[in-house]
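What follows is the residue order along each chain.
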Amino acid sequence: MLRVEAMPVPEPGPGQILITTEAAGVAFHDISTRQGLTPGALPEVQGFDVVGHVARVGPGVGEFTVGQRVGALIGAGGYATHVLAPASRTTPLPEGPPAGHLDALMLNYLTAWQMFHRVARPAPGEAVLVLGAAGGVGSALSQIARAAGVEVYGTSSPGRRGRVEAAGGTWVADQAAVPVPVAATFDPVGGPSLARSRRATKPSGVVVSYGFSFATGAGYSKAGAMARTVGALLRAKLTPGPRVVVHTVARAVDKDPAGFRADIAALVGQLAAGAIKPEVVTLPLEQAAEAHRRLENREVEGKLVLVP
């Protein structure tokens, strides 16, 4: 159950900054976490990504100043007016663009950019398959791929086919409908979907797995969902065919904070040039439960953000 509560404004500790929130992203990860399907304890406050201004800096933080606009991947705690963020997961942002558009870059587009440019790296003229191409990360992937000269096949429900095609993709009903083997498949479904994605991908290609939405609403326990996920990954490793890479954006950011900031800077440049065009839906912070309902029912097109 999500509800609004008054809490004291926290003080930043060593290596932390306090951000006054302009926009807090809502992600499918939040849904699976709320349902108890994500490893780890349920956080008191959800919210993976935020955009705002620095209110205070903690000891040892010298790269950010009070009043500076920033974005941060905090993992939890974003649904709040004031948020603590590790400085290593925080990056400078320009003042001009709307906060919601910048917040879309912080998670959806960053995830897509890393998977495309750092993991899959298809060459211009090659083709990729994007599952859920009408969603937040899927539409970001389609735009990034098209900007790089890569052909896109995308799946969605029939009712959202127009969104896939508007982003420059060729709509397909599922993995089996792709007419040619692709260089990479981006799969947020996980579990049993990975085998189908591998069959659609060249033997020399890669399936990038970045979620397990197969478990949402399917009645699995956390242990059952994890067992099916691990089993699917083991089968992929033990059978011939394209490799499977599991991408976790938080792990990539923690491993290479400088690369994270460079990726966001590149995305800000593409946003300014019009090469990417985030579609953003905003709701008041108090309507976090409604935001979860819409996202869980696949009613959201693009990025959903909460605004205090």
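First, a word on what this report is: a plain description of the structure on this page. All values derive from a computational prediction rather than experimental measurement.

Things to note about the pairing of strand β2 (residues 49-57)
Pairing of strand β1 (residues 16-26) with β2, which is carried by seven bridges, proceeds in the antiparallel orientation. Residue pairing across strands places Thr21 opposite Gly52, the latter belonging to β2.

Focus: helix α3 (residues 136-147)
For α3, which comprises 12 residues, the first-to-last C-alpha distance of 17 Å matches the rise-based estimate of 16 Å (1.5 Å per residue) to within 8%. With 10 of 12 residues buried, α3 is to be regarded as a mostly interior element. For α3, every residue scored as buried is listed here: Gly136, Val137, Gly138, Ser139, Ala140, Leu141, Ser142, Gln143, Ile144 and Ala145.

Side note on the packing of helix α2 (residues 99-120) against α3
Look at α2 against α3: their axes get within 8 Å of each other, and the N-to-C directions meet at 50 degrees. On the basis of their axis angle, the class for α2 and α3 is oblique. Considering the relative orientation of α2 and α3, their crossing is right-handed. In contact with Asn108, Tyr109, Thr111, Ala112, Trp113, Met115, Phe116 and His117 of α2, α3 contributes Gly136, Val137, Ala140, Leu141, Gln143, Ile144 and Ala145. Considering only residue class, the contact of α2 with α3 consists of 10 nonpolar, five polar and no charged.

Here we look at the pattern of salt bridges
In total, this model carries 15 salt bridges according to the counting rule given. In this structure, Asp254 and Arg89 form a salt bridge, with 2.8 Å as the shortest nitrogen-oxygen distance. One end of the pair, Asp254, is in helix α7 (residues 249-255); the other, Arg89, is in the loop between β4 (82-86) and β5 (90-92), and 165 residues separate them in sequence. Residue Arg89 is classed as buried on the basis of its relative accessible area, which comes to 14%.

Brief notes about the environment of Pro124
Along the chain, Pro124 falls in the loop between α2 and β6 (127-130). A relative accessible area of 67% means that Pro124 is categorised as exposed. Each C-alpha atom, one on Pro124 and one on Glu151, is 8.1 Å from the other, the two residues being 27 residues apart in sequence. Beyond its immediate chain neighbours, meaning those up to four positions away, Pro124 contacts Ala148, Gly149 and Val150.

Things to note about the nonpolar core
Among the nonpolar cores identified, the biggest contains 48 residues, and Leu73, Leu141, Phe186 and Leu267 are the most heavily contacted of them. Among the elements of the structure, α2, β6, α3, β9 (182-187), β10 (201-209), α7 and α8 (257-273) are those that each provide at least two residues to this core. In terms of residues, this core owes the most to one element, α2, which gives 14 residues. When residues of this core are assigned to domains, at least three fall in each of domain 1 (16-104 + 278-306) and domain 2 (106-249). In this structure, Ile31, Val50, Ala85 and Val300 belong to the second largest nonpolar core, which totals 25 residues.

Brief notes about the sheet that holds β6
An order of β8-β7-β6-β9-β10-β11 is seen for the six strands of this open sheet, with the pairing classed as parallel. The open sheet has two edge strands, β8 (170-172) and β11 (243-246), and neither has a second partner. With strand direction ignored, the average angle separating the axes of adjacent strands in the sheet is 20 degrees. Taken together, the three bridges between β6 and β9 define a ladder with parallel strand orientation.

The rules we used
- Residues numbered from 1 in each chain as written.
- Predicted model: local features only at pLDDT ≥ 70, side-chain atom pairs only at ≥ 80, totals over all residues.
- Heavy atoms only, no water.
- Pairing = 2+ DSSP bridges.
- Helix = DSSP H or I, 4+ residues; strand = E, 2+ residues; numbered from the N terminus.
- Expected span 1.5 Å × (residues − 1).
- Buried < 20%, exposed > 50% of the residue type's maximum accessible area, 1.4 Å probe, protein only.
- Axes fitted to C-alpha atoms, helices over the stretch in contact; angles between N-to-C directions.
- Parallel < 35°, antiparallel > 145°, perpendicular 65-115°, else oblique.
- Left-handed = near helix turned anticlockwise from the far one by under 90°.
- Contact = heavy atoms within 4.5 Å.
- Nonpolar A, V, L, I, M, F, W, Y, C, P; charged D, E, K, R; others polar.
- Salt bridge = Lys/Arg side-chain N within 4 Å of Asp/Glu carboxyl O.
- Core = buried A, V, L, I, M, F, W, Y, C linked by side-chain atoms within 4.5 Å.
- Domains from an automatic or database assignment.

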